[in-house]
Amino acid sequence: MADNDNAIVMTEALRAELAAITSTQRAAVLMLLLGEEQAADIIKFLNPKEVQALGGAMVSVADFSQDAVNVVLDEFVEHLKKQSTLSMGNTDYVENVMRRALGDDKAASVLGRIMPDQGTKGLDILSWMDARGIADMIRGEHPQVVAIILSLLESEVAADVLNYLPPDTRAEVIQRVASLDTVQPSAMAELESIMKQQFSKSASAQSSSFGGIQAAAKIMNLTKTALEASIMNGLNEIDPDLMLKIQDNMFTFENLMSVDNKGIQVLMRNVEPDMLMMALKGASDGVKDRFFDNMSERARGMFRDDMEAKGPQRMADVEEAQKKIMRMARKLSDSGELVLGGADFV
């Protein structure tokens, strides 16, 4: 703490400033006080999102008062003084602190770097690479290996990687992503072995769950329109049922809120009223309003009366009606009669 000659006067303004400082900003203050070399040594233990958050905070604390900076430093020193030297070096203690501070997933990543017995996926380094670099690295690997790696990436990055892969492999890769459920330890060990030359990290052998229909749909949602059409056509030749399942998950009925009035009107002209009534039974008020707003007052009143007269419907029937309408929307989009864009409609 500061000595009596330099004691910090806790004014109301200082209290208010300290109350507004987030925990990330407090960490940023300490990083700036450490100096470039020490700060760099700490940053290498963080994942990309943590680095981004901390970096932004380091910029935002530039206007902090000197008193606020001193208080943050004093609190940190006081916290350290309270730690027992017996507990600070204890493996369980470090692990518990990391998990409480960062959550299980982030803690596992950090622990794998600082504790030899706490291995984490060496493939975590993929999150630091750009899409082209990842694609170049996995280009010659088996499609199953490529599918697993895409499933480990953020959907946006995976979509970009897909764009750089050979055209004749894309459909099969997406098929395998959609078919993934769990990957057993032996498979993960083999994957780690394949990537060993690129990464020097070791991975813990735990059964991993990722991939699946929704993962494939998210990746496809974020691909370019022309690329998407090419992949889906190729996938249709390999496995038509799987292609439909992916397509059903790519655009949900709720996304129709973002279709413009002209598009909604085109869709309504191509869908049977009974099917639309069934689909709207399970829709949010926002989606219902998109359709109701494109009806005349008289038509809207009749439609609502007929819809209420149908009574309760099975959720499975409602979802099936919604899927059929979405398939129609896709066809109309392909013919240029309405516009669907990427993960959202425009």
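Refer to the structure printed above.
Residues numbered from 1 in each chain as written. Predicted model: local features only at pLDDT ≥ 70, side-chain atom pairs only at ≥ 80, totals over all residues. Heavy atoms only, no water.

Draft legend 1. Geometry of the overall build of the protein chain. Scanning the protein chain from N- to C-terminus turns up 21 helices and four strands. For the protein chain, the proportion of its 346 residues judged to be buried stands at 36%. Considering only contacts in the protein chain between residues 6 or more positions apart, those separated by 24 or more positions represent 74%. Accessible area for the protein chain stands at about 20000 Å²; split by element, carbon and sulfur atoms hold 50% of it. (Helix = DSSP H or I, 4+ residues; strand = E, 2+ residues; numbered from the N terminus. Buried < 20%, exposed > 50% of the residue type's maximum accessible area, 1.4 Å probe, protein only. Contact = heavy atoms within 4.5 Å. Areas by Shrake-Rupley, 256 points an atom, 1.4 Å probe, with all protein chains shown as cover.)

Draft legend 2. Here's a closer look at the environment of Thr169. Tracing the sequence through the fold places Thr169 in helix H12 (residues 167-179). C-alpha separation for the pair Thr169 and His142, spaced 27 residues apart in sequence, amounts to 9.7 Å.

Draft legend 3. Layout of the packing of helix H18 (residues 273-281) against helix H20 (residues 297-309). Where H18 contacts H20, the two axes come as close as 10 Å, and the packing angle between them is 70 degrees. It follows from the interaxial angle that H18 and H20 lie roughly perpendicular. Two packed elements cross with a definite hand, and for H18 against H20 that hand is right-handed. Of the residues in H20, those touching H18 at Pro273, Leu276, Met277, Leu280 and Lys281 are Phe303, Asp306, Met307 and Glu308. (Axes fitted to C-alpha atoms, helices over the stretch in contact; angles between N-to-C directions. Parallel < 35°, antiparallel > 145°, perpendicular 65-115°, else oblique. Left-handed = near helix turned anticlockwise from the far one by under 90°.)

Draft legend 4. Quick peek at helix H21 (residues 315-334). With 20 residues, H21 extends 29 Å from end C-alpha to end C-alpha; this agrees with the ideal 28 Å at 1.5 Å per step. For H21, the full list of buried residues reads Val318, Ala321, Gln322, Ile325, Met326, Ala329, Arg330 and Leu332. Looking one or two places after H21, you find Gly336, whose phi comes out positive at around 85 degrees. (Expected span 1.5 Å × (residues − 1).)

Draft legend 5. Layout of the nonpolar core. Core analysis: the largest hydrophobic core is formed by 62 residues, its most contacted members being Leu150, Ile246, Phe253, Leu280 and Phe291. Excluding residues within four positions of it along the chain, Leu150 makes contact with Ala158, Val161, Leu162, Val173, Val177 and Ile219. Core analysis: the second largest hydrophobic core is formed by 16 residues, Leu18, Ala57, Val61 and Val71 among them. (Core = buried A, V, L, I, M, F, W, Y, C linked by side-chain atoms within 4.5 Å.)

Draft legend 6. Here's a closer look at a nonpolar patch on the surface. A cluster of nonpolar side chains, namely Leu33, Leu73 and Phe76, defines an oily patch on the protein surface of about 240 Å² accessible area. Within the fold, Leu73 resides in helix H5 (residues 66-81). What makes Leu73 partly exposed here is its relative accessible area of 34%. (Patch = residues over 30% accessible without salt bridge, like charges linked within 9 Å, V, L, I, M, F, W, Y side chains within 5 Å. Salt bridge = Lys/Arg side-chain N within 4 Å of Asp/Glu carboxyl O.)

Draft legend 7. How the structure looks around the packing of aromatic side chains. Throughout the structure, instances matching the rule amount to two aromatic pairs. Seen from their ring centres, Phe253 and Phe291 are 6.3 Å apart, and the 5 degrees between their planes marks the pair as stacked. Of the two residues, Phe253 is situated in the loop between helix H16 (240-250) and helix H17 (261-269) and Phe291 in helix H19 (residues 285-292); the sequence distance between them amounts to 38 residues. Considering the side-chain rings of Phe292 and Phe303, the 6.1 Å spacing of their centres and the 70 degrees angle between planes classify their relative orientation as edge-to-face. Of this pair, Phe292 sits in helix H19 while Phe303 sits in helix H20, placing them 11 residues apart in sequence. (Phe/Tyr/Trp six-rings, centres within 6.5 Å; stacked < 30°, edge-to-face > 60°.)

Draft legend 8. A look at the side chain of Lys288. Turning to its location among the elements, Lys288 is positioned in helix H19. At 4.5 Å, Asp285 is the nearest oppositely charged side chain to Lys288, a buried residue that forms no salt bridge. Here Lys288 is in contact with Leu280, Lys281, Ala283 and Met307, once residues within four sequence places are set aside. (Lys, Arg positive; Asp, Glu negative; His and termini not counted.)

Draft legend 9. Representation of the pattern of salt bridges in the model. For the coordinates displayed, the defined rule picks out five salt bridges. A salt bridge links Asp274 to Lys310, with the shortest nitrogen-to-oxygen separation between them at 4.0 Å. With Asp274 in helix H18 and Lys310 in the loop between H20 and H21, this residue pair connects regions lying 36 residues apart in the sequence. We note a salt bridge from Arg314 to Asp317, for which the minimum N-O separation is 3.0 Å. Using a relative accessible area of 57% as the deciding quantity, one classes Arg314 as exposed.

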